[in-house]
Amino acid sequence: MEILKAFRFRLEPTDEQARKFSRYQGCMRFVWNKALALQKGRLDAGYPLLTYGELAKLLTLWRHSEEYGFLAVAPEHPLQWTLKFLMQSIAAAFDPANQGRFPTFKKKNRDEAGLRYPDAKQIKLDLLTKDKDGRNVFPKVFVPKIGWVKFRKSRTIDGTMKNATVTWHAGHWYISFQTEIEVPDPVVHPSTSEVGIDRGVVHLLALSDGSFFDAPGWFRRYEAKVAWEMRKLSRMRKFSKHWHKQVARIGRLHAHIANARRDFLHKASTTISQTHAMVFVENLSVKNMTKSAKGTKENPGRNVRAKSGLNKAILDQGWSMFQTFLTYKLDWSGGRLEEVPAPYTSLTCPVPECGHKSKANRVSQSKFQCEKCGFAENADTVGATNVLRAGLAQFACSPV
Ligand SMILES: [Zn+2]
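Residues numbered from 1 in each chain as written. Predicted model: local features only at pLDDT ≥ 70, side-chain atom pairs only at ≥ 80, totals over all residues. Heavy atoms only, no water.

Enquirer: Hey, could you run me through the coordination of the zinc ion in this one?
Expert: Octahedral six-donor coordination of a metal ideally yields angles of 90 or 180 degrees, compared with 109.5 degrees for tetrahedral four-donor coordination. For the zinc ion, every protein donor is listed as Cys349 (SG), Cys354 (SG), Cys370 (SG) and Cys373 (SG), and the spread of their distances is 2.2 to 2.4 Å. Coordination at the zinc ion comes from 4 donor atoms whose angles at the metal span 106 to 114°, giving a geometry best classed as tetrahedral. All donors to the zinc ion come from one chain, and their sequence spacing reads C-x4-C-x15-C-x2-C. Residue cysteine 349 is located in the loop between strand 12 (336–340) and strand 13 (367–369), and its partner cysteine 370 is located in the loop between strand 13 and strand 14 (376–378); the two are separated by 21 residues in the primary sequence. A residue is classified by how much of its surface remains accessible, and cysteine 349, at 3% relative accessible area, is buried. (Donors = N, O, S within 2.8 Å, 3.2 Å for Na, K, Ca; no water. Tetrahedral: all angles 85-135°; square planar, octahedral: opposite > 155°, others 65-115°. Helix = DSSP H or I, 4+ residues; strand = E, 2+ residues; numbered from the N terminus. Buried < 20%, exposed > 50% of the residue type's maximum accessible area, 1.4 Å probe, protein only.)

Structure representation (C-alpha cells):
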C-alpha cells in the first residue's frame, strides 16, 4: 500500500533568496489573477472556458512578451501549477456534487498561495550537517531559480519525494515535501487492546487504562507571553510602525504555539496508536467542554479551573487535528478509531451492574465516588472508561 506523507521544515533563506521567493509569489498571484479575469470575461460573454493547455500556451506568450516579460524571472513549473490549480478550483465551483466557491482574485499579503514545485526531480537535497572541517552546518535544499537554501531539518524525511511547496507564514518561509511511502499492507495490530479517551477536566487527555496525557508546561509560558505582548499592543498607536512590528511578533508567537501543539499531539497520538488497536473517543462538542470546564459552585478550585482552561485552550484548536493524527496512525498500524456519543461520561458509574448516574457522583473536579455503590476513581478516568463502554456497546462484540 502506498501512502502520502508530508514533511514541513523552516527555511533559512538569505535576504536575496527571500526577496526572490516573494517576487515569485507575486508572479504567481499575477498569473492567477490574469487567468481568472480572462476566464470570468469569457463566462460573462457566454464563451467556453479556455482549457488548461490554452492557458499554458498563453503563459508562454506572456513570458516572452515585452509587457509581461517580468514573469520570465519566475520558475515555470509553479506558474503552470497555478493555472492547473485555478482550473481545478473553477471545476470544483461547477461540480454539483461538491460545489466549491468560485475562485477569487488574490490580494498581496493576503491569501498568498504556496510556490508549488510539482516536479520532484528538480528538487535536490544536501543533508550533510558537517562541513569538511567538521563544523556544524544547516542541511540545504536546491530550489529551481533560487539555488541552495538552508533549512532546519527537524525530522527524518522518508519515502520518495513527489513535490515540494514553499510557503510564507508569520514571518518565516517554510518548505513542505510530499513523499510517497510504500508500507506493508495492513496488518494486524500487534496489540488487541481497546481503550477509551476522554478530554479530562484536570488532565488534558484521560485514557480508560488509567493513564493520562497532561498539558505541557511550555503552553502556559506561551500563553502568558501572548497576553503580555497583547497588552503592549493595546498601548500602541494603531497602524504605527511599532504597532505593525508588534502585530508581526504576536503572529510569530501564535505560529510557535501552533507548531508546539502539533508536535505534542503527534507524540500523544503515536503513543496511543502503538499501544491500542481499537480507540474510542467521545463525540463531544466544544460547547459541552466549556460547560464542564467552568467547574461547580461547590468546588470552583482555582488551580483546577486554571488547568481546565489550559486544557481547553490546547484542545479547542487541536482536538480535530488529534483525531486526524490518531485516525491515520491507527490505519497504518491496522487499528481503528471510532467516535461514540457518550453523554454524562464523568457522572455515570462505570461499574456494569450499577451504572448509577448523578451529579453527586462527582465529588470534586478530580474525584468520582458513586453515591450508590461506593466505587471511587479519578473522575477523568471514569469519563474515559464510559467512553470505552459506550464504544464497545456500539462497535464490538466482546464485553468489557
Ligand atoms: Zn455505582
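Enquirer: What am I meant to see in the sheet that holds strand 5 (residues 147–152) here?
Expert: As a general point, the strands of a sheet are linked pairwise by backbone hydrogen bonds and lie either parallel or antiparallel. Strands sit in the order 2-6-7-1-5-4-3 across an open sheet of 7 strands; the sheet is antiparallel. Only two strands of the sheet have a single neighbouring strand rather than two, namely strand 2 (115–117) and strand 3 (124–126). Across the sheet, the axes of successive neighbouring strands diverge by a mean angle of 35°, strand direction being ignored. Here 3 bridges tie strand 1 (residues 2–12) to strand 5, and the two strands are oriented antiparallel to one another. The residue bridging glutamate 12 from the neighbouring strand is lysine 150, located in strand 5. Its contacts with the sheet place helix 1 (residues 15–45) against strand 1, strand 2, strand 4 (140–143), strand 5, strand 6 (160–169) and strand 7 (172–182), and it is angled at close to 90° to strand 2. (Pairing = 2+ DSSP bridges. Axes fitted to C-alpha atoms, helices over the stretch in contact; angles between N-to-C directions. Contact = heavy atoms within 4.5 Å.)

Enquirer: What is the right way to read helix 2 (residues 52–64) from this model?
Expert: The periodicity of an α-helix, 3.6 residues per turn, causes residues three or four places apart in sequence to face the same way. Between its terminal C-alpha atoms helix 2 stretches 19 Å, which fits the 18 Å expected from 13 residues at 1.5 Å a residue. Listing the buried residues of helix 2 in full gives Leu55, Ala56, Leu59, Trp62 and Arg63. One side of helix 2 holds all its buried residues, which, seen down the axis, span an arc of 115°. Projecting away from the buried face of helix 2 at angles above 90 degrees are the exposed residues Lys57, Leu61 and His64. (Expected span 1.5 Å × (residues − 1). Arc of directions from axis to C-beta.)

Enquirer: Honestly, the packing of helix 1 against helix 2 in this entry has me stumped. Any pointers?
Expert: Helix packing geometry: the angle between the two helix axes and the distance between the axes. One way to put it is that helix 1 packs onto helix 2 with a least axis distance of 12 Å and a crossing angle of 125°. Accordingly, the angle class assigned to the pair helix 1 and helix 2 is oblique. Considering how the two elements wind past one another, helix 1 and helix 2 form a crossing that is right-handed. Taking contact as the criterion, the partners of Val31, Lys34, Ala35, Leu38 and Gln39 in helix 1 are, on helix 2, Leu55, Leu58, Leu59 and Trp62. Tallied by class, the residues present in the contact of helix 1 with helix 2 amount to 7 nonpolar, 1 polar and 1 charged. (Parallel < 35°, antiparallel > 145°, perpendicular 65-115°, else oblique. Left-handed = near helix turned anticlockwise from the far one by under 90°. Nonpolar A, V, L, I, M, F, W, Y, C, P; charged D, E, K, R; others polar.)

Enquirer: Could you clarify how one ought to interpret the sheet that holds strand 8 (residues 194–199) in this entry?
Expert: Read across the open sheet, the 5 strands follow the order 10-9-8-11-12; overall the sheet is mixed. Since the sheet does not close on itself, it has two edges, and those belong to strand 10 (212–213) and strand 12, each with one partner. Bridge count for strand 11 (residues 278–282) against strand 12 is 5 bridges, and the pairing is parallel. Bridge pairing in strand 12 places valine 281 opposite glutamate 339. Across the sheet, helix 9 (residues 379–395) touches strand 8, strand 9 (205–207), strand 10, strand 11 and strand 12, and the angle it forms with strand 8 is around 130°.

Enquirer: What should I look at first to understand the pairing of strand 1 in this one?
Expert: Consecutive residues of a regular strand have side chains that alternate between opposite faces of the sheet. Sheet topology note: the strand 1/strand 7 ladder contains 9 bridges and is antiparallel. Looking at the pairing, glutamate 2 lines up with glutamate 182 of strand 7.

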